[in-house]
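The chain contents come next:
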Protein chains: 2
Amino acid sequence: MTTVREIRLKSRPSGLPTAANFEMASVDLAAPGAGEVQVKNLWMTVDPYMRGRMNDVKSYTPPFQLGKAMDGGAIGEVTASNDPSLKPGDLVQSGFGWREGFNAPAASLQKLDPKGLAPQTFLGAAGMPGLTAYVGLLKIAALKDGDVVFVSGAAGAVGSIVVQIAKAKGHTVIGSAGGPDKIAFLKEIGVDHAIDYKAEKDLTAALLAAAPDGIDVYFDNVGGDHLVAALNAARPFARFALCGAISVYNATELPAGPPNLMLMVGKQLRMQGFIVSSSWDMMPAFLSDLAGWVKDGKVVWKETVFEGIEKAPDAFIGLFTGENLGKMLVKLS
Amino acid sequence: MTTVREIRLKSRPSGLPTAANFEMASVDLAAPGAGEVQVKNLWMTVDPYMRGRMNDVKSYTPPFQLGKAMDGGAIGEVTASNDPSLKPGDLVQSGFGWREGFNAPAASLQKLDPKGLAPQTFLGAAGMPGLTAYVGLLKIAALKDGDVVFVSGAAGAVGSIVVQIAKAKGHTVIGSAGGPDKIAFLKEIGVDHAIDYKAEKDLTAALLAAAPDGIDVYFDNVGGDHLVAALNAARPFARFALCGAISVYNATELPAGPPNLMLMVGKQLRMQGFIVSSSWDMMPAFLSDLAGWVKDGKVVWKETVFEGIEKAPDAFIGLFTGENLGKMLVKLS
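Just so we're clear, the structure is a prediction, and the values are computed from it rather than from any experiment. (Residues numbered from 1 in each chain as written. Chains lettered and ligands numbered in written order. Predicted model: local features only at pLDDT ≥ 70, side-chain atom pairs only at ≥ 80, totals over all residues.)

K.L.:
Outline the overall build of chain A, listing residues and values.
P.N.:
On a plain count of helices and strands, chain A comes out with nine helices and 15 strands. Here chain A has a C-alpha radius of gyration of 20 Å; the compact-globule value for 333 residues is 20 Å, and the two agree. Its C-alpha atoms give chain A principal-axis dimensions of about 65 × 45 × 35 Å. The 333 residues of chain A split such that 51% are buried. Residue pairs in contact within chain A that sit at least 24 positions apart in sequence constitute 65% of those at least 6 positions apart. (Helix = DSSP H or I, 4+ residues; strand = E, 2+ residues; numbered from the N terminus. Rg over C-alpha atoms; globule rule 2.2 N^0.38 Å. Buried ≥ 20, exposed ≤ 12 C-beta atoms within 10 Å, placed from the backbone. Contact = placed C-beta atoms within 7 Å.)

Structure (structure tokens):
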């Protein structure tokens, strides 16, 4: 019998989540049943989209249940197996995050070959966030030669990959983020213009100073004022990939939409929302391209790591207060 | 020497234009010079997009100039010619509206073969508004089999053609318009559900009552609350063609955007603004399709006609107070 700790949803937040919305509990794991394996989690991910799952509303992913362990991406190691497809020591990727370990049918897990990368990379640059960047930029925004690209949340897990893919393809890239550490990171990864939105009173003016002729592509991780500025600075036929809107995830009332939205008509803009799970089919192409970019030193990444399951709520809350540079992760073992 | 009257922009409106923003003047036309013709206008069009041209701002069409005749689409008859390509009696289409007659280079005019249609049809169903409907529905919204279609401003020059093209292609169509006359017209042209927005407190509820499973395509002529309702009622992967926003053209302050815009992410919606002049190349295909629909009785149209150049400002202002059923036109001769 093994005892593991897990994080459960204790209450649904109103606005920014607090520690009181979570509770930690211990559960005992029996030996795995037929067809099952037991896994010790090494890493779990916290991602902004999980905020929506804390509300009791229907969306593209089901809400977390009160009193139950939360879930999300995790990388673990098989510690006991009752199925021939996996053996102790195998690395697996699962949706059983927010817990130190679990039993699950072997068929519900994906065996991970890290191909020389650190295993947790598959929760970040080589995982869902990286694929989100790739899909949003290449498929949704339909990046084409000569496009000037604007990325908000550019120092984050998704945004920093967007920046680097666009740079690897030879584009002029403007990235926005908050605070000097993030701005320094943006410069490290090669943005042409970094906008510290916390230091700017007028984002439209800042964006037009960086891109006097306007932008062709906007990758939106933020919403709010950033979207307003992007509409103002958009060139005719610009394409916006709407990935998320971290500025409003914790809003307790619906925020006003961009007052300049109707610029879309005269400028003939296209705006498209997307969720990465509709484009899993692009994962092989992405991993193949990524391998080349990594080899050539064109794509790098940062991680912000909290240690211990008890820190998972803090790591998650930190996403909304901007504490992460690159991918926010929790190291569990 | 011929004397003709024309309408000039006297002052730029703030909010809804009034008669005081226009002035009528008489001008004398000399005999046409070499390569020129003289034209007597029979019909002129007033269209919502002209409101933007009354402001002194850069947009996709240049602003009208103070003290100068306004311009826009017109159908006229050549009365004198100094160019071999046109002869007296020929019908021509031009951009020289808002005046009873003019001299112009023959090369700047388009000879019109009405093919059995009334000439003014080429300012409406068989002209820019009709093509706008066709482009927006088929190219921008990428209408596909089984789509449920919502059209706002559905009794207008563009909207009524959108409704009928969608019906001709076998779709379920919900149209909104204001007042019983327009609702009766919508039923005549075959909408499945007509929403009188003036009689509804909650447009989202009205739209979901008409389309309980949601909508796949929204053709937006109105903006404002209609766009909010369409976002609420959109099914995953719905496409919105943004054609105009008559609800806000006269706003003196930028209106709040839709507070539910971020539904675009989770529902993976696409929203695209367009102006018809980017798709003139689709005119031959449109006119060919239209001929078939007209022959089969699948597309009809209404006109609201003001008589005399002196009524042109009233006709124009009437667009924003909803006085037109179908195409608003001014008969000049």
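K.L.:
I'd like to hear about the relation of the copies chain A and chain B, residue by residue, with values.
P.N.:
At an RMSD of 0.0 Å, chain A and chain B line up after a rotation of 180° and a shift of 0.0 Å along the axis. Accordingly, the operation relating the two chain copies is best matched by a two-fold axis. Residue A:Gly257, judged by its C-alpha, is the member of chain A lying nearest the rotation axis, at 1.9 Å. A shared binding surface is used by both copies, with 100% of the interface residues of chain A retained as interface residues in chain B. (Least-squares fit on C-alpha atoms with pLDDT ≥ 70 in both.)

K.L.:
Give me the sheet that holds strand β12 (residues 234–242) of chain B: which residues, what numbers.
P.N.:
Ordered in space as β10(A)-β9(A)-β8(A)-β11(A)-β12(A)-β13(A)-β13(B)-β12(B)-β11(B)-β8(B)-β9(B)-β10(B), the twelve strands form an open sheet in which the pairing is mixed. Two strands in the sheet have a free side with no partner beyond their single neighbour: β10 (193–196) of chain A together with β10 (193–196) of chain B. On average, adjacent strands in this sheet sit at an angle of 15° to one another, irrespective of strand direction. Bridge analysis of strand β11 (residues 215–220) of chain B against β12(B) gives five bridges, and the strand direction is parallel. For B:Tyr218, the partnering residue across the bridge sits in β12(B) and is B:Phe240. Helix-sheet contacts for helix α6 (residues 224–233) of chain A involve β8 (148–151), β9 (172–177), β11 (215–220) and β12 (234–242) of chain A, and the interaxial angle to β11(A) is about 165°. Docked against the sheet, helix α2 (residues 128–140) of chain B engages β11, β12 and β13 (270–273) of chain B, running at close to 145° with respect to β12(B). (Pairing = 2+ DSSP bridges. Axes fitted to C-alpha atoms, helices over the stretch in contact; angles between N-to-C directions.)

K.L.:
If you had to explain the interface of chain A and chain B to someone new, which residues and values would you point to?
P.N.:
Taken together, the 30 residues of chain A in the interface contact 30 residues of chain B. In terms of residue count, the dominant contributor to the side of chain A that touches chain B is strand β13 (residues 270–273) of chain A (four residues). A breakdown of the residues in the side of chain A that touches chain B according to their chemical character gives 18 nonpolar, ten polar and two charged. Note: β13(A) against β13(B), three bridges, orientation antiparallel. Along β13(B), the bridge assignment pairs A:Gln272 with B:Arg270. (Nonpolar A, V, L, I, M, F, W, Y, C, P; charged D, E, K, R; others polar.)

K.L.:
Break down the environment of A:Gly67 for me, citing the residues and quoting the values.
P.N.:
By the secondary structure assignment, A:Gly67 is in the loop between α1 (50–53) and β4 (74–81). For the pair A:Gly67 and A:Ile7, spaced 60 residues apart in sequence, the C-alpha separation works out to 9.3 Å.

K.L.:
An account of the pairing of strand β5 (residues 91–94) of chain A is requested, with residue identities and associated values reported.
P.N.:
The two faces of a sheet get side chains in turn, since along a regular strand they alternate between them. Residue and element names in this part refer to chain A. Judged by which residues are buried, β5 turns out to be one-sided: Val 92 and Ser 94 face inward and are buried, whereas Leu 91 and Gln 93, on the alternate face, are not. By the bridge criterion, four bridges tie β4 to β5 in an arrangement that is antiparallel. If you follow Gly 76 over to β5, its bridge partner there is Val 92.

K.L.:
Please set out the packing of helix α2 (residues 128–140) of chain A against helix α3 (residues 159–168) of chain A residue by residue, giving values where relevant.
P.N.:
Residues and elements named next belong to chain A. Direction vectors running N to C along α2 and α3 enclose 50°, while the axes themselves pass 8 Å from each other. Here α3 runs oblique to α2, going by the angle between their axes. Note that α2 runs across α3; the crossing there is right-handed. Note on element contacts: α3 touches α2 through Ile 161, Val 162, Ile 165 and Ala 166, opposite Pro 129, Gly 130, Ala 133, Tyr 134, Gly 136 and Leu 137. For the contact of α2 with α3, the per-class residue count stands at eight nonpolar, two polar and no charged. (Parallel < 35°, antiparallel > 145°, perpendicular 65-115°, else oblique. Left-handed = near helix turned anticlockwise from the far one by under 90°.)

K.L.:
Please set out the environment of B:Phe316 residue by residue, giving values where relevant.
P.N.:
All names here are of chain B. As for its position among the elements, Phe 316 is in helix α9 (residues 312–320). Looking at Phe 316, the number of C-beta atoms within 10 Å reads 26, which means it is buried. With 75 residues separating them along the chain, Phe 316 and Ala 241 place their C-alpha atoms 24 Å apart. Not counting residues within four places of it along the chain, the set of residues in contact with Phe 316 comprises Pro 17, Val 46 and Met 50.

K.L.:
Which residues make up the domain arrangement of chain A, and what values do they have?
P.N.:
Residues and elements named next belong to chain A. The assigned domain composition of chain A is domain 1 (2–124 + 302–331) and domain 2 (128–278). The centre of domain 1, based on its C-alpha atoms, is set 29 Å off from the matching centre of domain 2. Listed per partner, the contact involves 18 residues of domain 1 and 17 residues of domain 2. If you list the elements that add at least two residues to the side of domain 1 that touches domain 2, you get α1 and β15 (327–331). A breakdown of the residues in the side of domain 1 that touches domain 2 according to their chemical character gives seven nonpolar, eight polar and three charged. (Domains from an automatic or database assignment.)

K.L.:
Account for unusual backbone geometry, naming residues and giving values.
P.N.:
You will see that A:Phe237, though not glycine, has its phi angle at about 70°, which is positive. Checked against the element boundaries, A:Phe237 lands in strand β12. Since 14 C-beta atoms lie within 10 Å of it, A:Phe237 is described here as partly exposed. One non-glycine residue with positive phi stands out, namely B:Ala142, at about 50°. Positionally, B:Ala142 belongs in the loop between α2 and β8 (148–151). Residue class for B:Ala142 comes out partly exposed when judged on the 13 C-beta atoms lying within 10 Å of it.

K.L.:
Explain the packing of helix α5 (residues 203–210) of chain B against helix α6 (residues 224–233) of chain B to me, using residue names and the numbers behind them.
P.N.:
Residue and element names in this part refer to chain B. Axis separation between α5 and α6 bottoms out at 8 Å; the angle between their running directions is 45°. On the basis of their axis angle, the class for α5 and α6 is oblique. In this structure, the crossing between α5 and α6 has a hand that is right-handed. Contact with α5, carried on its side by Leu 203, Thr 204, Leu 207 and Leu 208, involves Asp 225, His 226, Ala 229, Asn 232 and Ala 233 of α6 and no other residues of that element. Considered class by class, the residues forming the contact of α5 with α6 number five nonpolar, three polar and one charged.

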